[in-house]
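Understanding the architecture of this molecule
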Amino acid sequence: VTVDAFIAGLPKCELHLHIEGTLEPGLKFALAQRNGIELPYADEAALRAAYDFHDLPGFLSVYYEGMSVLRTEQDFYDLAAAYAAKAHSQNVRYAEIFFDPQAHTARGVAFDTVIRGLTRALDDAERETDFKGRLVMCFLRDFQAEFAMATLVQALAYKEWIIGVGLDSDEAGNPPVKFREVFARARAEGFRLTMHCDVDQKNSTEHIRQVVEEIGVDRIDHGVNALEDPSLIERIRARGLGLTVCPISNAHVTDGMKAAEIRALLDQDVKVTVNSDDPAYFLGYVAENLAALREPAALSDADLVRLQRNAIEISWAAPAVREEFL
Ligand code: HPA
Ligand code: ZN
């Protein structure tokens, strides 16, 4: 897709971006070499050829495999610094960035190593550019709730570096209510809450109902299947709950970009936003997502502006950041 001048220049806000999903093949090879890790691919071209996903589990296995090269604080610094530079180049002014600590602690990398590297890179970017990034800690829903709770407790010592918590990874058989106590504790500790309700999952509308009614999230990641239930979409609209959708990601792991659904959400005044999810794997950062969606969703320039206003409105940005953006 070509990014036109309007989209390129638009000040942007991104709310659904997994930092581990920004690990580009070039950096993956460089970190593998630095850490003495042998990747099971001869070169970048062979690695890219393995990026052939048709569903969420297929994507996730490649995504987790790729993380094996992330070992030191400097590795996490380099990862976040590369994303910050890319985001800045696309005029992203503010991003809320997921990280998956359990994917690292489960293979022996300390929580402290992960969060220090990421935070230091975001602090440096904020000092040097007009890009600001904040961290949202995601729990992996295919692990037990006890592991999520232990991770939450571990994170309390780093509270000032984390603005909210989320839930990602394989949704099949892992409903939101599995994490009821974890999210209740997270809210009591002052974190904002979001959860993935991935597109076209089994029990999608039931999972969305759970996040709205039983978990009490502040927003929903993906969540477009809410359109199948008018009473659910009305509750989402009335509460001003945002949906962070990811068109190019959806094109890879579902049957399409869900452009008609995104158009419908805009037309029904739901606070929908457009995001990149895992741009190094799905081959599109936020500007490319907006460009790819522009014609299929019949987005006017005013719609493109509205998507950014929706994003900053449903963001957890401090009032000063919000005012500067709007
Ligand atoms: N869905 C679930 N898990 C994920 C995703 C996603 O979009 N990206 C990274 N982990
Ligand atoms: Zn995601």
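Owing to the predicted nature of the structure, the values given are computational and were not obtained by experimental measurement.

Further remarks concern the UniProt feature "site: Important for catalytic activity" (unreviewed entry) in the protein. Following the UniProt record, the feature "site: Important for catalytic activity" (unreviewed entry) maps to His222 here. The exposure class of His222 is buried, given the 27 C-beta atoms found within 10 Å. Look past the residues within four positions of His222 in its chain and what remains in contact with it is His196, Cys197, Asp198, Val199, Val245 and Cys246.

This part covers helix 9 (residues 180-188). Every buried residue of helix 9 is accounted for by Val182, Phe183 and Ala186. Each buried residue of helix 9 sits inside an arc of 90° when the element is viewed along its axis, so together they form one side. If you follow the buried residues of helix 9, they end up packed against strand 3 (132-140), helix 8 (145-155), strand 4 (162-168), strand 5 (192-197) and helix 10 (204-215). Remark: Gly190 follows helix 9 within two positions and exhibits a positive phi of approximately 100°.

UniProt's entry tags His16, His18, His196 and Asp277 with the feature "binding site: Zn(2+)" (unreviewed entry), counted in the numbering of this structure. Taking the farthest pair of C-alpha atoms as the criterion, the annotated set spanning 262 residues converges on one region, since that pair is 11.8 Å apart. Accessibility expressed as a C-beta count within 10 Å gives 26 for His18, which makes it buried. In this view, His18 contacts Phe98, Asp100, Asp277 and Asp278; residues no more than four positions away in its chain are not counted. Excluding anything up to four places from it in sequence, His196 contacts Gly166, Leu167, Asp168, Glu171, Asp221 and His222.

About the criteria used
Along each chain, the written sequence defines residue order, and numbers are assigned to residues from 1. Each chain takes a letter, starting from A, and each ligand takes a number, starting from 1, following the order in which they are written. For a predicted model such as this one, the threshold for reporting local features is a pLDDT of at least 70, and the threshold for listing and counting side-chain atom pairs is 80 or more; totals across whole chains, interfaces and linings nevertheless cover every residue. UniProt positions are given in the numbering used here, feature names are shortened, and annotations may be inferred rather than shown by experiment. Neighbour density around each residue's C-beta defines its exposure: 20 or more other C-beta atoms within 10 Å make it buried, 12 or fewer make it exposed, and counts between make it partly exposed, where C-beta atoms are placed from the backbone. Note on contacts: each residue gets a C-beta atom placed from the backbone, and two residues are in contact if those atoms are within 7 Å. What counts as a helix is a DSSP run of H or I of at least four residues, what counts as a strand is a run of E of at least two, and both are numbered from the N terminus. Arc, as used here, means the arc of the directions from the helix axis to the C-beta atoms.

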